[in-house]
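# A structural walkthrough
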Amino acid sequence: MIRVNGQEIFVIDDHVHLWDGRKENWLQPKYAEGWLMCFYDYHKSLSPPEYIWPLEKYAYYGPDTFVEDVFVKGYVDMGIFQPTYLTDFYKNGWNTTEQNGVLKAKYPDRFILNTSFDPRDGEAGLEIFEQKVRKWGCKGVKLYTAEWRGNSKGWKLTDPWAYRYLEKCVELGVKNIFPHKGPTIWPFNKDAFDVHEVDDVATSFTELNFIVSHAGIPRIDDFCWIAVQDKNVYADLAVVLAFIWSRPRYTAEMLAELLYWLGPDRLLYGSDYALWHPKWIIEEFIRFELPKDIESEYKVDLSLETKKKILGLNAARLYGIDIEAQKKKLARDEIATKYNLKPAEINIPPHLT
Amino acid sequence: MVKLEDVLEALDRVVDPEIDLPITKLGFVENIEITEDGSVRIYMRLPTYWCAPNFVYLMMKGARDEVSRVKGVKSVTVLLKDHFAASELNEGLLHGKSYEECFPNDLITGSLDELKRTFDEKAYVSRQTALLSKLLASGLTLEEVTKLRMCDIELDKSGTDIIVRCGEKRIQIAKAGHIFRSYLNKMQELGIAISTQSPLFLDSKGKPMDLEEIRNVIELGRRRRLNFKSNAILCTALLSSRYNLDKQKLWDQIEV
């Protein structure tokens, strides 16, 4: 929680992970290592130098480090776990619902646990999916469409079985769908990153919300177009905000474009921890200003009210979080007590409010 | 004897379709070996282990084809490293295989030509918008810009600036030469036929654009340009981290 010029801002990080990239967990070493090193390059390339970890720590940082980085130092009140299975690459998966579930069980009020489905699991998978949802009370799923599974190198949201699973989501009240277009659906000729299928499913399932991971990067142009048509499409700002320290002007262009197309109510702050850390992102974001020329070109503004929405109000609305009630619970929880947590006081110049 | 600068110039014509910038400027060409008998080996590297192989194939084939046309070149080999499909692509390119033939056991749907066309059109809009911005920033109105013809623009002697004739006006726009040239190049690649009397602004099918269409393209182009820039910044940042390069230097080189 932060208190900005006296105003409390509840922070929900819509994109966090607790992964296990250690060698002991590698199933297919070439791919497991390739995945880990790719993630590590993302971390190294955009983090301020003092936040860069050695590879060994990055491969596995563990629950205690997570809690300290995200809730204690990172200003975050609640985190949404977005699982990534990759069971073809890792024996126990990269960060599964079950792995994340350990932290959720320990600190239930701090986490929203999203689960996942894979339509290639067919009929049998539907049953297992329902069990997971009921066990954890899931309101959201992360869908990694580029995940490899044996000979299959990916699937599409518009596949018939994907529709069956989305219908199941409607039935079970799993309202928030988090599509993630990953590195590749190999080796189809079509564009693996193409986000147009989100348009198809968002139109077919207007009762569901589609929060697209990292605003559809590397196809943010098409994403914006889709989000204008479909009001149930939202942008997760992980990766987008990661540029805020090294490329502030470019970040301003991105935010302006997203505000222009989606408005302030459909953007969700996310860190993608531990790719990047909430602390530096939030510190930069709360003080962030759109340059005057960008403001006047796009005719948008990034007021404190808009930042409040992006940092927590929008996610709270999607996941049914009563912020005042939640604040009371969290003020007394194990983490608040152990670390004597208080809202961090941040002062910003008046013209930014 | 094959000249290195000729090989580099050829490679400057090969872009990453997701970024619309030359692979040379992006740092994807790690090394070039030229032997006396006219064989050229091009060593490539990429931002991640997972870069989509269809785009990678287009870049590698593009590199091979462009360099094959250089004076004195007898053979070209393109070699990629540190990528999950490197051996299939290297071997495939060596034997002149199509993309589908590189991966005989996998399901390939759609056409690579179609994919290339999609991204060529994105690049076309992006380059068109860059030229439009320069023209509008110089003081010309949207109406004036809509009426411009090919014969109304020429490069200055150095090739760096452009000179625009609009009615009685003659405007020199600094540093717009490469923007104009790159717009014309893409027209050519898309097979858009032009003459000196053609309107300057044609859509990707070669039809003249009216004022409303140009206004729409400005908004579309802004999104396209942001997307290309986004990929440019991210990909070069990842490449720098992966291969210990100077990230800021690379960013300056690609002017982002």
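## Describing the overall build of chain B
- Within chain B one finds 10 helices and eight strands.
- Its C-alpha atoms give chain B a radius of gyration of 20 Å, within 12% of the compact-globule value 18 Å for 256 residues.
- Taking the principal axes of the C-alpha coordinates as reference, chain B spans close to 60 × 45 × 35 Å.
- In chain B, buried positions account for 41% of the 256 residues.
- Considering only residue pairs separated by 6 or more positions, chain B has 60% of its internal contacts joining residues 24 or more positions apart.

## Things to note about the packing of helix α6 (residues 112-137) of chain B against helix α9 (residues 211-243) of chain B
All names here are of chain B.
- Here α6 crosses α9 at 110 degrees, and the two axes come no closer than 8 Å. What the angle tells us is that α6 and α9 run roughly perpendicular. Our pair here, α6 against α9, has a crossing hand that is left-handed. Mapping the contact onto sequence places Lys122, Val125, Ser126, Gln128, Thr129 and Leu132 in α6 and Val217, Ile218, Leu220, Gly221, Arg222, Arg224, Arg225 and Phe228 in α9.
- In terms of residue class, the contact of α6 with α9 is made up of six nonpolar, four polar and four charged.

## Things to note about the domain arrangement of chain B
Residues and elements named next belong to chain B.
- As far as domains go, chain B holds domain 1 (4-109) and domain 2 (113-224).
- Taken together, the contact between domain 1 and domain 2 spans five residues of the former and five residues of the latter.
- Across the side of domain 1 that touches domain 2, the residue classes tally to two nonpolar, one polar and two charged.

## Observations concerning the domain arrangement of chain A
Residue and element names in this part refer to chain A.
- For chain A, the assigned domains are domain 1 (1-113 + 263-353) and domain 2 (122-236).
- Domain 1 and domain 2 are separated by 21 Å when their C-alpha centres are compared.
- Each partner contributes to the interface: domain 1 provides 19 residues, whereas domain 2 provides 18 residues.
- Class assignment for the residues of the side of domain 1 that touches domain 2 results in nine nonpolar, six polar and four charged.

## Quick word on unusual backbone geometry
- Each neighbour pair has its own omega, and for A:Ile217 with A:Pro218 the value is 5 degrees, a cis peptide bond.
- Tracing the backbone shows A:Pro218 in the loop between β8 (209-212) and α8 (220-229).
- The omega angle of the peptide bond from A:Tyr273 to A:Ala274 is 10 degrees, so this bond is cis rather than trans.
- Locating A:Ala274 in the fold gives a position in the loop between β10 (267-268) and α10 (278-286).
- A positive phi angle, close to 50 degrees, is found at A:Asn340, a residue other than glycine.
- With respect to the helices, strands and loops of the structure, A:Asn340 is situated in the loop between α14 (334-339) and β11 (344-346).
- For A:Asn340, a count of 7 C-beta atoms within 10 Å translates into the label exposed.
- Phi angles above zero are rare outside glycine, and B:Lys175 is one such case at about 60 degrees.
- In this fold, B:Lys175 is placed in the loop between β8 (169-173) and α8 (177-189).
- The class for B:Lys175 is exposed, based on 10 C-beta atoms found within 10 Å.

## Topic: α10(A)
- All buried positions along α10(A) are accounted for by A:Pro278, A:Lys279, A:Ile281, A:Ile282 and A:Ile286.
- Each element contacted by the buried residues of α10(A) is listed here: β1 (2-4), β3 (12-16), α3 (62-72), α12 (304-319) and β11 of chain A.

## Comments concerning the sheet that holds β10(A)
Residue and element names in this part refer to chain A.
- Pairing in this open sheet of five strands is parallel, and the strands run β6-β7-β8-β9-β10 from one edge to the other. The sheet is open, and its two borders are formed by β6 (140-144) and β10, each paired with just one other strand.
- Sheet topology places β6 next to strand β7 (residues 176-180); five bridges connect them, and they run parallel. Across the sheet, residue Tyr144 finds its bridge partner in β7, namely His180.

## Structural notes on the sheet that holds β1(A)
Residues and elements named next belong to chain A.
- Taking strand neighbours across the sheet as the criterion, the three strands line up as β2-β1-β11 in an open arrangement whose pairing is mixed. Each edge of the open sheet is held by one strand with a lone partner, namely β2 (7-9) and β11. When strand polarity is set aside, the average angle formed by the axes of neighbouring strands in this sheet is 30 degrees.

## A word on the nonpolar core
- Ranked by size, the top nonpolar core spans 150 residues in total, and within it A:Val212, A:Leu237, B:Val56 and B:Met60 carry the most contacts.
- With nine residues, α9(B) is the single largest residue contributor to this core.
- The residues contacting A:Leu237, other than those within four sequence positions of it, are A:Ala215, A:Leu267, A:Leu268, A:Tyr269, A:Gly270 and A:Ile310.
- Formed by 20 residues, the second largest nonpolar core is a distinct cluster that contains B:Leu131, B:Ile173, B:Ile179 and B:Phe201.

## Details of the pairing of strand β7 (residues 162-166) of chain B
Residue and element names in this part refer to chain B.
- Note: strand β6 (residues 153-155) against β7, three bridges, orientation antiparallel. Its bridge partner being in β7, Glu154 is matched across the sheet by Ile163.
- Where β6 hands over to β7, the hairpin turn is made up of six residues, of which Gly159 adopts a positive phi near 85 degrees.
- Bridge count for β7 against β8 is five bridges, and the pairing is antiparallel. Paired with Ile163 across the strands is Gln172, a residue of β8.

Rules used throughout
- Residues numbered from 1 in each chain as written.
- Chains lettered and ligands numbered in written order.
- Predicted model: local features only at pLDDT ≥ 70, side-chain atom pairs only at ≥ 80, totals over all residues.
- Helix = DSSP H or I, 4+ residues; strand = E, 2+ residues; numbered from the N terminus.
- Rg over C-alpha atoms; globule rule 2.2 N^0.38 Å.
- Buried ≥ 20, exposed ≤ 12 C-beta atoms within 10 Å, placed from the backbone.
- Contact = placed C-beta atoms within 7 Å.
- Axes fitted to C-alpha atoms, helices over the stretch in contact; angles between N-to-C directions.
- Parallel < 35°, antiparallel > 145°, perpendicular 65-115°, else oblique.
- Left-handed = near helix turned anticlockwise from the far one by under 90°.
- Nonpolar A, V, L, I, M, F, W, Y, C, P; charged D, E, K, R; others polar.
- Domains from an automatic or database assignment.
- Pairing = 2+ DSSP bridges.
- Core = buried A, V, L, I, M, F, W, Y, C linked by C-beta atoms within 7 Å.

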